[in-house]
Amino acid sequence: MKLIILDHYSQASEWAAKYIRNRIIQFNPGPEKYFTLGLPTGSTPLGCYKKLIEYYKNGDLSFKYVKTFNMDEYVGLPRDHPESYHSFMWNNFFKHIDIHPENTYILDGNAADLQAECDAFEEKIKAAGGIELFVGGIGPDGHIAFNEPGSSLVSRTRVKTLAMDTILANARFFDGELTKVPTMALTVGVGTVMDAREVMILITGAHKAFALYKAIEEGVNHMWTVSAFQQHPRTVFVCDEDATLELKVKTVKYFKAPPQVNRKGCIYSTNFGM
Amino acid sequence: MRGGQGAAEARVLQFTNCRILWARAGVCGDLWVRGGRILDPEKLFFEERRVADERRDCGGRILAPGFIDVQINGGFGVDFSQATEDVGSGVALVARRILSHGVTSFCPTLVTSPPEVYHKVVPQIPVKSGGPHGAGVLGLHLEGPFISREKRGAHPEAHLRSFEANAFQDLLATYGPLDNVRIVTLAPELGHSHEVIRELTTRGICVSLGHSVADLRAAEDAVWSGATFITHLFNAMLPFHHRDPGIVGLLTSDRLPAGRCIFYGMIADGTHTNPAALRIAHRAHPQGLVLVTDAIPALGLGNGRHTLGQQEVEVDGLTAYVAGERPDPLGPRSQPAACPLCSQGTKTLSGSIAPMDVCVRHFLQATGCSVESALEAASLHPAQLLGLEKSKGTLDFGADADFVVLDDSLHVQATYISGELVWQAEAARQ
């Protein structure tokens, strides 16, 4: 894996956005060849989305031939509820860019048959040719998407009951009222994200530090589902200094070393010539 | 009309690069319009999976709901209180010309007139939707004749009336059928006024207090009977007194029905109300302030003599006063309380000739309020007064797409009704 450590949240967001931008541009998508992008929600990726919007507005990036697949959505929350992930994606990303609505895919938490909805989502990913780059975050309990501790590391898109840690973490979006937080969600599985050709995990803030430590310095463990990506051929973890607080000094020094020491053949050096 | 079967197939317009100063539900960002109504783009995106058919760049300008003028007596030579043969054309002319002032809906106002005038004119001015032909008519505002003799202002004394024993029947006999009527201004101290107020209110007609010597108690009682508006606050009523605030006291009265908001018209033309008085009213009760022009036929014409109903009016600059009153030969210095607004010696103002957008700018400058507040006073508040706030005076999803494009100094650059461009400034035409 690559571990990219930036000083602050804003720099981490910018690095991630530039990475996504450059991957799309290098892919050179067109009407016969869409760039498939997996996307997260939450407070961590907000800075990254802002930057991507900026690149679109500058004319540096177009989402015309990009297909997006979101990781998850709450069950039972009306689509137009301000805290639904549909609302999140609309307000923070889709409404500011030139993506066509038919190229966006978000699980429907109000579908009549939830598992059928999940199966159909897997089919849509397959039909689109698989995910080129899946961007995700990490929960304080080390989960990827809503793959809570105990989730199978080869799981597919399905209904999940949210863990208490997650409900507590999300309460701030529901006026601090635990009873208002949805208890179930539809989520892509760990296996679904592992199928992507490349995975980028954004981790910022001291409250995520322990989860990052568990994810990359301990073993692969279904209690910390992000650890599964230790077995993915192409994963990038993008974090700020605070998120590295629980890592060994040795680990941090290794990944912060100057390019010629460990970036053999890799074009993703810390200043990446951008 | 708008909406309906063909709406889903209608073109979707997206107004981009605009500043929407509307801190309420609904629009944030671009303004989307379809079928003459404001559209929720998120719904369009996720449910219909559609994008806009056409984008219009607003050049970074301000987008606001179209202005609503609930007191306008005429303009451009047209006098709504004249019983001409073709009242409709006069109304249509004014409706078209006020588009350039940012007004998208209005209430043509009739001043105190003899019954024959009402019987002839009222049926000829029906409620009408706006469009490229002009601003929409929301209904008539009948100001008088059931008003106070003492506070008649420029209204002709000969045609004032009071309610007899059959109060409401008297009103019907005077005005004729009330189908086209939206607002009635009357003086609540007149006998039998309460039954009239109640009757009008049950018919959905807004009752306004004005041209009156009512004290605060009488005014409060009138509100309990159903009155919801005050006609041009401060003008043609008893002045504020600290032991009896009169009608002005309604702004801060604690004796009104719970949850009821009293609205009050303000002529912010720089003449009718001293800026300090404007600020006092605004600070006391900002949510109820409704900007009105009280414009007269001389609006849009030059200085000189014009009519207003049965009265003659002299216009000089932005001031209009009752004609025929001899000006003081010694000028302003002989006035004990030098009123800079009445330099000709007469204190009887007679309507106004300041267009609505001038009033909005003057109001903003005089009160130092936020641009949002100034715009709300000319759009949302009159819509709320008339119970139309779901469809007019707002940029909420589902509302009629009547809006104005303004530059930073709040000059009107373009006016839209039902999402269609109905007026554009010369400079913007390039």
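Because the structure is predicted, anything quoted here is derived from the model rather than measured.

What counts as what
Residues numbered from 1 in each chain as written. Chains lettered and ligands numbered in written order. Predicted model: local features only at pLDDT ≥ 70, side-chain atom pairs only at ≥ 80, totals over all residues. Heavy atoms only, no water. Helix = DSSP H or I, 4+ residues; strand = E, 2+ residues; numbered from the N terminus. Rg over C-alpha atoms; globule rule 2.2 N^0.38 Å. Buried < 20%, exposed > 50% of the residue type's maximum accessible area, 1.4 Å probe, protein only. Contact = heavy atoms within 4.5 Å. Areas by Shrake-Rupley, 256 points an atom, 1.4 Å probe, with all protein chains shown as cover. Lys, Arg positive; Asp, Glu negative; His and termini not counted. Charge placed at Lys NZ, Arg CZ, Asp CG, Glu CD. UniProt positions renumbered as here; feature names shortened; annotations may be inferred. Polar contact = N/O pair within 3.5 Å; in protein donor to acceptor, adjacent residues only side chain to side chain. Patch = residues over 30% accessible without salt bridge, like charges linked within 9 Å, V, L, I, M, F, W, Y side chains within 5 Å. Salt bridge = Lys/Arg side-chain N within 4 Å of Asp/Glu carboxyl O. Pairing = 2+ DSSP bridges. Right-handed = clockwise from strand over helix to strand, strands pointing away. Buried area = accessible area lost by both parts, 1.4 Å probe. Nonpolar A, V, L, I, M, F, W, Y, C, P; charged D, E, K, R; others polar. Domains from an automatic or database assignment.

### Some thoughts on the overall build of chain B
Consideration 1: Check the secondary structure of chain B and you find 10 helices and 23 strands.
Consideration 2: Computed over the C-alpha atoms, the radius of gyration of chain B is 21 Å, within 12% of the 22 Å expected from 2.2 N^0.38 for a compact globule of 430 residues.
Consideration 3: When the 430 residues of chain B are sorted by exposure, 57% land in the buried category.
Consideration 4: Across chain B, contacts joining residues at least 24 apart in sequence account for 70% of those joining residues at least 6 apart.
Consideration 5: Carbon and sulfur atoms provide 50% of the accessible area of chain B, an area that totals close to 17,100 Å².
Consideration 6: Between the mean site of the 37 positive side-chain charges and the mean site of the 46 negative ones, chain B shows a separation of 2 Å.

### What about the UniProt feature "binding site: Zn(2+)" (unreviewed entry) in chain B?
Residues and elements named next belong to chain B.
Consideration 1: The residues that UniProt annotates with the feature "binding site: Zn(2+)" (unreviewed entry) are Glu-143, His-211 and His-232. These annotated residues cover 90 residues of sequence, but their C-alpha atoms sit close together, with the largest distance between any two at 11.0 Å.
Consideration 2: Mapped onto the secondary structure, Glu-143 falls in strand S12 (residues 140-143).
Consideration 3: Ignoring sequence-local partners within four residues, the contact set of Glu-143 consists of Gln-71, Asn-73, Thr-109, Leu-110, Val-111, Thr-112, His-155, Thr-185, His-211, Thr-231 and His-232.
Consideration 4: Mapped onto the secondary structure, His-211 falls in the loop between strand S14 (206-209) and helix H6 (216-225).
Consideration 5: In this view, His-211 contacts Glu-143, Ile-147, Ser-148, Lys-151, Arg-152, Gly-153, His-155, Ala-187, His-232 and Ala-236; residues no more than four positions away in its chain are not counted.
Consideration 6: A distance of 2.9 Å separates a polar atom in the side chain of His-211 from a polar atom in the side chain of Glu-143.

### A closer look at a nonpolar patch on the surface
All names here are of chain A.
Consideration 1: A contiguous nonpolar patch, built from Met-164, Leu-168 and Leu-178 and spanning about 290 Å² of accessible area, is present on the exposed surface.
Consideration 2: The topology assignment puts Met-164 in helix H5 (residues 164-170).
Consideration 3: Note on Met-164: relative accessible area 51%, which makes it exposed.

### Let's talk about the environment of Ile-144 of chain A
Residues and elements named next belong to chain A.
Consideration 1: Structurally, the position occupied by Ile-144 is in the loop between strand S6 (133-136) and strand S7 (158-161).
Consideration 2: For the pair Ile-144 and Tyr-85, spaced 59 residues apart in sequence, the C-alpha to C-alpha distance is 16 Å.
Consideration 3: The residues contacting Ile-144, other than those within four sequence positions of it, are Met-71, Gly-136, Gly-137, Val-190, Ile-201, Thr-225, Val-226 and Phe-229.

### Some points on the UniProt feature "domain: Glucosamine/galactosamine-6-phosphate isomerase" (unreviewed entry) in chain A
Consideration 1: In the numbering used here, UniProt assigns the feature "domain: Glucosamine/galactosamine-6-phosphate isomerase" (unreviewed entry) to residues 17-232 of chain A.
Consideration 2: Split by type, residues 17-232 of chain A is 30% helix and 15% strand. Its first and last C-alpha atoms lie 21 Å apart.

### Some details on the pairing of strand S2 (residues 35-39) of chain A
Every other side chain in a regular strand lies on the same face of the sheet, so the side chains alternate between the two faces.
Residue and element names in this part refer to chain A.
Consideration 1: Counted residue by residue, S2 has 5 buried out of 5 residues, so it is predominantly covered.
Consideration 2: Burial along S2 is two-sided: Phe-35, Leu-37 and Leu-39 and Thr-36 and Gly-38, pointing in opposite directions, are all buried.
Consideration 3: Where S2 lies against strand S3 (residues 66-70), 5 bridges are found, and the strand directions are parallel. Looking across to S3, one finds that Phe-35 is bridged to Val-66.
Consideration 4: In this fold, the crossover linking S2 to S3 by way of helix H2 (residues 46-57) has right-handed handedness.
Consideration 5: Two elements, S2 and S6, share 2 bridges in a ladder whose sense is parallel. Note on S6: the bridge partner recorded for Leu-37 is Leu-133.

### With respect to helix H7 (residues 209-216) of chain A
Residue and element names in this part refer to chain A.
Consideration 1: Of all 8 residues in H7, 7 are buried, a share of seventy percent or more.
Consideration 2: Residues of H7 that are buried: Ala-209, Ala-211, Leu-212, Tyr-213, Lys-214, Ala-215 and Ile-216.
Consideration 3: For H7, the elements touching its buried residues are strand S1 (2-6), strand S9 (199-203) and strand S10 (235-240).

### Quick look at the interface of chain B and chain A
Consideration 1: Contacts between the two partners involve 10 residues from chain B and, on the opposite side, 12 residues from chain A.
Consideration 2: Summed over both sides, the interface of chain B with chain A buries roughly 1,100 Å², with 62% coming from carbon and sulfur.
Consideration 3: Linking chain B with chain A are 1 salt bridge, by the criterion used here.
Consideration 4: With its nearest N and O atoms 2.7 Å apart, the salt bridge here joins Arg-79 of chain A to Glu-47 of chain B.
Consideration 5: Counting the contacts that link chain B with chain A gives 4 residue pairs in polar contact (both at pLDDT 80 or more).
Consideration 6: Split by residue class, the side of chain B that touches chain A holds 5 nonpolar, no polar and 5 charged.

### Looking at helix H1 (residues 41-48) of chain B
Consideration 1: Inspection of H1 of chain B places Pro-41, Glu-42, Leu-44, Phe-45 and Phe-46 of chain B among the buried residues, and these make up the whole buried set.
Consideration 2: In this structure, the buried residues of H1 of chain B make contact with helix H3 (85-92) and strand S5 (104-105) of chain A together with strand S1 (12-16) and strand S3 (31-34) of chain B.
Consideration 3: The backbone nitrogen of Glu-42 of chain B has a side-chain oxygen 3.0 Å away, supplied by the residue at the start of H1 of chain B, namely Asp-40 of chain B.
Consideration 4: Directly after H1 of chain B, the chain includes Arg-49 of chain B, whose backbone phi takes a positive value near 55°.

### Remarks on the domain arrangement of chain B
Residue and element names in this part refer to chain B.
Consideration 1: Looking at the assigned domains, one finds that chain B contains domain 1 (3-64 + 395-424) and domain 2 (65-297 + 350-386).
Consideration 2: Taken over both partners, the interface formed by domain 1 and domain 2 buries close to 1,800 Å², and the fraction arising from carbon and sulfur atoms is 72%.
Consideration 3: The interface formed by domain 1 and domain 2 contains 0 salt bridges.
Consideration 4: Where domain 1 packs against domain 2, one counts 3 residue pairs in polar contact (both at pLDDT 80 or more).
Consideration 5: The leading source of residues in the side of domain 1 that touches domain 2 is strand S22 (residues 412-417), at 4 residues.
Consideration 6: Partitioned by chemical class, the residues of the side of domain 1 that touches domain 2 number 14 nonpolar, 3 polar and 3 charged.

### Digging into the sheet that holds S9 of chain A
Consideration 1: Taken in spatial order, the 7 strands make up an open sheet running S1-S10-S9-S6-S2-S3-S5 (chain A), and their pairing is parallel. The outermost strands of the open sheet, each flanked by one partner alone, are S1 and S5 of chain A.

### Let's talk about the environment of Asn-17 of chain B
All names here are of chain B.
Consideration 1: Positionally, Asn-17 belongs in the loop between S1 and strand S2 (19-20).
Consideration 2: A relative accessible area of 41% means that Asn-17 is categorised as partly exposed.
Consideration 3: Separated by 286 residues in the primary sequence, Asn-17 and Asn-303 place their C-alpha atoms 41 Å from one another.
Consideration 4: Excluding residues that lie within four positions of it along the chain, Asn-17 makes contacts with Asp-30, Asp-57, Cys-58, Gly-59, Gly-60 and Arg-61.
Consideration 5: A polar side-chain atom of Asn-17 sits 2.9 Å from a polar atom in the side chain of Asp-57.

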